[in-house]
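A look at the structure
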Amino acid sequence: MDINLLTVDSIRTAVLERRTTASATVDAFYQKIEAEDAAIGAYLTLCKERAYQQARWVDAMVGRGDTLPPLAGVPIAVKDVLTTKGVRTTAGSKILANFIAPYDATVVTRLEAAGAILLGKTNCDEFAMGSSNENSGFHPVHNPHDHSRVPGGSSGGSAAAVAAGMALASLGSDTGGSIRQPAAFCGVVGLMPTYGRVSRYGLIAFASSLDHVGPFGKTVKDVALMLQSMAGRDPLDSTSADVAVPDYLAQLEGPVKGLRVGVPQEYFGEGLDPEVRAAVEAGIQELAKAGCEVVPISLPHTGYAIPTYYVVATAEASANLARYDGVRYGMRAEGKTLSEMYCRTRDAGFGTEVKRRIMLGTYALSAGYYDAYYLKAQRVRSLLARDFDQAFAAVDVIVTPTTPTPAFKLGEKADDPLAMYLADIFTVTADLVGIPGISIPCGKSQEGLPIGMQILGKHFDEPTLLRVAHAAEHALAAKLA
Ligand code: GLN
């Protein structure tokens, strides 16, 4: 069995028809990880005992002739910002280098209940703050398509693991683009569901009004299958929505004829790499050929999205990260007084970017500045939401580039935080507004680097989003082969 040909969609049948076993599949994936991950660095921790135990459970079901759950035998990787009982969870930070959570994140529980097999925890930017994975407290991740380039961030390890065939699917988190941007850089599919669609219980918080959990896969169908088993109200997360979960597979292959695709002029202006523009425009053409109506639209407040995001995200991060004080979680550096212990712990435990964000956020929330920064940013956020409400009155989905350029070189932007922040220019708005977004591969640069196309949908309208993404994926297949 060639594991490179397996998908989330095909493995269950392969196991059911006894063409392979879950245990043999796990063996093959660990062999691949052992052979290839030294050069990529996607994983921080492997959990073999847990994986084999789960595989034996799946194989026993096959042996008994039980009905197999939907993700039976699917080997997955999980970003290290999601807690796993008994398996260390670091959030990519030295401050949690030895932290073992006492419980599993709800998404992990649900995926394992559906038969998925957790191979390990993936590398990421520290506390999910970054766009290149270079802010990991452990080691960078290399893009599987070109090892001198970044995989994107902050879920770089999860995207690279799927792109390199070291997992069939994975989980990431997206606060400003951290699923879609690395998906685009690594040439895989990455889905950020609607805010509240998927439980965040067990997700280490970065910016609570922006954080989302979502899947990566090789195909649109694979992420739809993952979402099906993850989505839905969770009493343990009060922000999870009490909205019925539709059947994401039912209409996946349905026609897209007559759907209106909005193309916002603000996303195709200055700073967009010409090769990215050409590839995304070709993707839009394919949708037009499939019968979609292409509608030029405007999202007039787009230019304010990055500054708004960096006020809201840093403010919320400064509050969320206050808990890492050397008392309750993770590492502690001793000091003569309590306050010295706090300072030394946080100084030694947090990396530069995390410290920068805590300082920016604390400033934005401080007395006298709150109205000028945080409150104002929340007002602009409402304007951004209005832009989308108006646009979605006339269109069903919106198509844009996922990123302004293909993957950049390791080190290229590491010393220039503002240049790094601009890597998220097309993704942050969806987080601020809470709508779902997906990135699918739509072409390659002359250097062979993947290019991603982003599709944005209405709140809770993942079915239409996935249907359009699936149609585009199939129309583009010949070009990407
Ligand atoms: N790159 C963005 C940031 O650094 C987004 C991160 C994310 O979505 N977690 O904040």
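Structural notes, computed from the coordinates. (Residues numbered from 1 in each chain as written. Predicted model: local features only at pLDDT ≥ 70, side-chain atom pairs only at ≥ 80, totals over all residues. Heavy atoms only, no water.)

1. Some remarks on the sheet that holds strand β8 (residues 293–297)
- Strand order in the open sheet formed by 11 strands is β1-β3-β2-β4-β6-β5-β10-β11-β9-β7-β8, with mixed pairing between adjacent strands. Of all strands in the sheet, those bounded by a partner on one side alone are β1 (43–46) and β8. Here the strands of the sheet are splayed against their neighbours by 30° on average, with no regard to which way each runs.
- Pairing analysis gives 3 bridges linking strand β2 (residues 75–79) to strand β4 (residues 169–174), with the strands arranged parallel. Within the sheet, the bridge partner assigned to V78 lies in β4 and is L171.
- On the sheet, helix α15 (residues 462–480) packs against β5 (189–192), β9 (397–401), β10 (437–444) and β11 (450–457) and is oriented at approximately 10° with respect to β10. (Pairing = 2+ DSSP bridges. Helix = DSSP H or I, 4+ residues; strand = E, 2+ residues; numbered from the N terminus. Axes fitted to C-alpha atoms, helices over the stretch in contact; angles between N-to-C directions. Contact = heavy atoms within 4.5 Å.)

2. Here's the deal with the environment of T67
- When you line up the elements, T67 lands in the loop between α3 (48–64) and β2.
- Expressed as a C-alpha distance, the spacing of T67 and T122, which sit 55 residues apart in the sequence, is 31 Å.
- Residues within four places of T67 in sequence aside, it is in contact with R12 and M61.

3. Side note on helix α8 (residues 274–289)
- End to end, α8 covers 22 Å across 16 residues, agreeing with the expected 22 Å (1.5 Å per residue, within 8%).
- Listed in full, the buried residues belonging to α8 are V276, A279, V280, G283, I284, E286 and L287. The buried residues of α8 occupy one face: seen down the axis, they fall within an arc of 150°. Of the exposed residues in α8, the ones pointing more than 90 degrees away from its buried face are P274 and K289.
- Elements that come into contact with the buried residues of α8 comprise β7 (260–264), β8, β9, β10, β11 and α15.
- For α8, the side-chain oxygen to backbone nitrogen distance between the N-cap and E275 is 2.8 Å, and the N-cap itself is D273. (Expected span 1.5 Å × (residues − 1). Buried < 20%, exposed > 50% of the residue type's maximum accessible area, 1.4 Å probe, protein only. Arc of directions from axis to C-beta. Polar contact = N/O pair within 3.5 Å; in protein donor to acceptor, adjacent residues only side chain to side chain.)

4. Points about the pairing of strand β6 (residues 212–217)
- In terms of burial, β6 is a largely internal element, 6 of the 6 residues being buried.
- Where β4 lies against β6, 6 bridges are found, and the strand directions are antiparallel. Across the sheet, D174 pairs through a bridge with H212, a residue of β6.

5. Considerations on the nonpolar core
- Formed by 145 residues in total, the largest nonpolar core has its most connected members in F127, I438 and I455.
- Considering each element in turn, this core owes the most residues, 9 residues, to helix α9 (residues 305–320).
- In contact with I455, not counting residues within four places along its chain, are V397, I398, V399, P436, G437, I438, I440, L465, V468 and A469. (Core = buried A, V, L, I, M, F, W, Y, C linked by side-chain atoms within 4.5 Å.)

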